[in-house]
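# Breakdown of the fold
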Amino acid sequence: MSEKPSESPDLRTALDASRKRRRTVWLSVAAVAVVAVIVGVVAIVANLTRSEEPAAAAAEERLSLRISVSEDSDFQSAIADIAAEKGLDVTWVNVDDWVLPNTELAAGTVDGNAFQHILYLSNFNAQNNEDLTPVFSTVITQWGIFSATLGDTDEIPDGGRIAIPDDPSNGGRALGILASAGLIELSKDAGDFPSVDDVTANPKNLQFVPIAATTIPQQFDDPSLSAVVVGLSYFDPSQGITADKALYLDDSLDEKNLPYINVVASRADNADDPAWKILQEAYADPRAAEALEKEDKGATVLVQIPVDTLRTKLADLEKSAAANG
């Protein structure tokens, strides 16, 4: 893991600050009665014209964004509804993998995407020579080790098969969690993208089974797997997998998890679009937090990290990704 930037905030402090924020909107209504005794068709027509002008101006001022995501959710619907109230029309473009949201953004068919953390983004930029960049932070997902049959990490048998994500960023995160749980050891110079080649100690001779992160929950009950390492929010609610079911639960708000902050990303040449500010305000609305809690039951939490911090960390991670090949 590369050194954290000097300005990196403590994630727990950032979360506490965001929870304490309270938005108060004061609405002042003034009523003015105008009595005019003017009879004539001209006056009526002029009055109607004036009443239509504000509506036409409002229509012209509305902004719009097309944002690609990897799945539909009630949380996204809530964000779109809140943004609409603020004059921004958001269209979510659902794609069925974790590659298209970035390739579509780079190609210019969408304005942004909302599905990834900055470590994943850094790997895409490095591999494709792109300049996609965060415009603001959104959430962080709780990760852990889960098993359909075991109740503790000590019960994982020798030679047990452990499913981990097959992409470099999330696969490295899974290995880091296994190391934090004391199941393996990683090389001290493994960096931000550790791989199975960086495992220096494996007392149980665990076998690592790379699987697409989005499909790991579907294979959770596979009897050939002793455990899986994945984000808690990836499980379908019908599976009933909650934080207390984890064999080991990572502390998502630990400073080391800054690379796993999810963001809304755009192209660098579109990062100053005023529509992003409105969308960020929608994410900060208390109703958005309520919708997320209802949907994910605390498995994912909203965080507010300064965009300069995100971009500085992204630049560091891109260097690591490039060196990693």
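Residues numbered from 1 in each chain as written. Predicted model: local features only at pLDDT ≥ 70, side-chain atom pairs only at ≥ 80, totals over all residues. Heavy atoms only, no water.

### Some details on helix 3 (residues 74–85)
If you check helix 3, its first and last C-alpha atoms are 17 Å apart, about what 12 residues at 1.5 Å a residue would give, namely 16 Å. If you check which residues of helix 3 are buried, you get Phe75, Gln76, Ala78, Ile79, Ala80, Ile82 and Ala83. (Helix = DSSP H or I, 4+ residues; strand = E, 2+ residues; numbered from the N terminus. Expected span 1.5 Å × (residues − 1). Buried < 20%, exposed > 50% of the residue type's maximum accessible area, 1.4 Å probe, protein only.)

### Things to note about unusual backbone geometry
The backbone of Asn205 shows a phi angle near 55 degrees, a positive value even though the residue is not glycine. Its place among the elements puts Asn205 in the loop between strand 9 (199–201) and strand 10 (207–211).

### Focus on the sheet that holds strand 7 (residues 161–165)
Taken in spatial order, the 5 strands make up an open sheet running 10-7-11-6-12, and their pairing is mixed. The two strands at the open ends of the sheet, each matched to only one other strand, are strand 10 and strand 12 (248–249). Taken together, the 2 bridges between strand 7 and strand 11 (residues 227–231) define a ladder with parallel strand orientation. Its bridge partner lying in strand 11, Ala163 is registered against Val228. (Pairing = 2+ DSSP bridges.)

### A word on the packing of helix 5 (residues 118–128) against helix 9 (residues 307–324)
The interhelical angle for the contact between helix 5 and helix 9, taken along N-to-C directions, is 50 degrees, at an axis separation of 8 Å. Between helix 5 and helix 9, the angle falls in the class oblique. Along this stretch, helix 5 crosses helix 9, giving a crossing that reads as right-handed. Packed against helix 5, whose contacting residues are Ile118, Leu119, Leu121, Ser122, Asn123, Asn125 and Ala126, the element helix 9 presents Leu310, Lys313, Leu314, Leu317, Glu318, Ala321 and Ala322 at the interface. Within the contact of helix 5 with helix 9, the residues separate by chemical class into 9 nonpolar, 3 polar and 2 charged. (Axes fitted to C-alpha atoms, helices over the stretch in contact; angles between N-to-C directions. Parallel < 35°, antiparallel > 145°, perpendicular 65-115°, else oblique. Left-handed = near helix turned anticlockwise from the far one by under 90°. Contact = heavy atoms within 4.5 Å. Nonpolar A, V, L, I, M, F, W, Y, C, P; charged D, E, K, R; others polar.)

### Details of the pairing of strand 2 (residues 88–94)
Relative to strand 2, strand 1 (residues 63–69) runs parallel, the two sharing 7 bridges. When the bridges of strand 2 are listed, Ser68 appears paired with Val93. A crossover links strand 1 with its parallel partner strand 2, the connecting element being helix 3, and its sense is right-handed. (Right-handed = clockwise from strand over helix to strand, strands pointing away.)

### Let's talk about the sheet that holds strand 13 (residues 262–267)
Across the sheet, 5 strands lie side by side as 2-1-3-13-4; this open sheet has mixed pairing. Strand pairing shows two members of the sheet lacking a second neighbour, strand 2 and strand 4 (132–137), which therefore form its edges. With direction set aside, neighbouring strand axes in the sheet form an average angle of 35 degrees. Relative to strand 13, strand 4 is paired through 5 bridges, and the arrangement is antiparallel. Following the sheet pairing, Thr133 is matched in strand 13 by Ser266. On top of the sheet, helix 5 reaches strand 3 (112–117), strand 4 and strand 13; it is set at about 110 degrees to strand 3, its chief contact. The strands that helix 9 touches are strand 4 and strand 13; relative to strand 4, the one it contacts most, it runs at about 145 degrees.

### What about the pattern of salt bridges?
Evaluation of the coordinates by the stated rule reveals 5 salt bridges. Taken together, the salt bridges that share partners define one network made up of Glu85, Asp285 and Arg287. (Salt bridge = Lys/Arg side-chain N within 4 Å of Asp/Glu carboxyl O.)

### Here we look at the packing of aromatic side chains
In total, this model carries 8 aromatic pairs according to the counting rule given. Considering the side-chain rings of Phe75 and Tyr283, the 5.8 Å spacing of their centres and the 75 degrees angle between planes classify their relative orientation as edge-to-face. Placement of Phe75 in helix 3 and of Tyr283 in helix 7 (residues 275–284) is noted, with a sequence separation of 208 residues between them. Since its relative accessible area comes to 8%, Tyr283 is described here as buried. Ring plane angle 80 degrees and centroid distance 6.0 Å describe the contact between Trp98 and Tyr120, whose orientation is recorded as edge-to-face. With a gap of 22 residues between them, Trp98 in the loop between strand 2 and helix 4 (100–107) and Tyr120 in helix 5 connect regions that are remote in the sequence. Taking relative accessible area as the criterion, Trp98 reaches 16% and is therefore assigned buried. On the accessibility criterion, Tyr120 (13% relative accessible area) is buried. Aromatic rings pair up to connect Trp98, Phe115, Tyr120, Trp143 and Tyr234 into one cluster. The ring of Tyr260 carries Arg173 above its face, with NZ or CZ at 4.2 Å from the centroid. (Phe/Tyr/Trp six-rings, centres within 6.5 Å; stacked < 30°, edge-to-face > 60°. Lys NZ or Arg CZ within 6 Å of the ring centre and 35° of its normal.)

### With respect to the environment of Gln239
Here Gln239 lies in the loop between strand 11 and strand 12. Along the chain, Gln239 and Pro217 lie 22 residues apart, while their C-alpha atoms are 8.7 Å from each other. The contacts of Gln239, once residues within four sequence positions are left out, are Pro217 and Phe220.

### Things to note about the nonpolar core
Of all hydrophobic cores here, the largest spans 28 residues; its most connected members are Trp92, Leu279 and Tyr283. Elements with a contribution of two residues or more to this core: strand 1, helix 3, strand 2, strand 4, helix 7 and helix 8 (286–296). In contact with Leu279, not counting residues within four places along its chain, are Leu65, Ile67, Ile79, Leu88, Val90, Phe136 and Val264. Ranked by size, the runner-up nonpolar core spans 23 residues in total, among them Ile118, Leu121, Leu258 and Leu317. (Core = buried A, V, L, I, M, F, W, Y, C linked by side-chain atoms within 4.5 Å.)

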